[in-house]
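Each chain, letter by letter, is given below.
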Amino acid sequence: MKTKTILELLTLSSSLYYIARDTQFLDKISELSEKGKDNINKIVSESQLDENGNELEFVDKIILKTHELKEELNEKVEELVVKFYKKINVAHLDEIKALNEKLEKLDATVALLEARLNKLEA
């Protein structure tokens, strides 16, 4: 009888745990949807003007905001890629170009030094 009671309590507690997790998940979704609604309402309520001074329509506002978000996303992705390259010690294209420029300068310096040495020997 005790084993049956323990199993029932375990089953009940695990069920309550999953219900609580689902409730937290639903609360999080609800919170995010409210934030989304607030952001959309904010965008719609703002009056934005085009280059002619006319107020933009709703679809134009959405397109403008989408372009802004795309630019932000591109910047964040670029930052993350640079961090990732540094973390795994892979040379970035800019670093390779800078190293090539230094190499060319050093080659020119070596050539000048060789010319001076040849002049001194002669």
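Residues numbered from 1 in each chain as written. Predicted model: local features only at pLDDT ≥ 70, side-chain atom pairs only at ≥ 80, totals over all residues. Heavy atoms only, no water.

Participant: Let's hear about the overall build of the chain: which residues, and what values?
Facilitator: Along the backbone of the chain there are 3 helices and 0 strands. Each helix (α) and strand (β) of the chain, taken in turn from the N terminus, gives the series α-α-α. Accessible area for the chain stands at about 11,500 Å²; split by element, carbon and sulfur atoms hold 60% of it. (Helix = DSSP H or I, 4+ residues; strand = E, 2+ residues; numbered from the N terminus. Areas by Shrake-Rupley, 256 points an atom, 1.4 Å probe, with all protein chains shown as cover.)

Participant: Kindly report on the environment of Lys61, identifying the contributing residues and their values.
Facilitator: As for its placement among the helices and strands, Lys61 is situated in helix α2 (residues 58-87). For Lys61, a relative accessible area of 5% puts it in the buried group. Put simply, Lys61 and Ser47 are 14 residues apart on the chain and 9.0 Å apart in space, counted from C-alpha to C-alpha. (Buried < 20%, exposed > 50% of the residue type's maximum accessible area, 1.4 Å probe, protein only.)

Participant: A description of a nonpolar patch on the surface should follow, citing residues and the corresponding values.
Facilitator: Residues Ile6, Leu7 and Leu10 make up a contiguous nonpolar surface patch of roughly 310 Å² in combined accessible area. Among the structural elements, Leu7 can be located in helix α1 (residues 2-45). (Patch = residues over 30% accessible without salt bridge, like charges linked within 9 Å, V, L, I, M, F, W, Y side chains within 5 Å. Salt bridge = Lys/Arg side-chain N within 4 Å of Asp/Glu carboxyl O.)

Participant: Account for a negative patch on the surface, with residues named and values stated.
Facilitator: Taken together, Glu71, Glu72, Glu75, Glu78, Glu79, Asp94 and Glu95 make up a surface patch of like negative charges. Mapped onto the negative patch, the elements with two or more residues apiece are α2 and α3 (93-121). Element by element, the count of residues in the negative patch is highest for α2, at 5 residues. Mapped onto the elements, Glu72 comes out in helix α2. (Lys, Arg positive; Asp, Glu negative; His and termini not counted. Charge placed at Lys NZ, Arg CZ, Asp CG, Glu CD.)

Participant: Which residues make up the confidence of the model for the chain, and what values do they have?
Facilitator: Residues shown with low pLDDT carry predicted positions that ought not to be read at fine detail. Scored by pLDDT, the chain has a mean of 79; 84% of the residues are at 70 or more. Here α1 is the element of the chain with the lowest mean pLDDT, 73, and α3 is the one with the highest, 90. (pLDDT = per-residue confidence, 0-100.)

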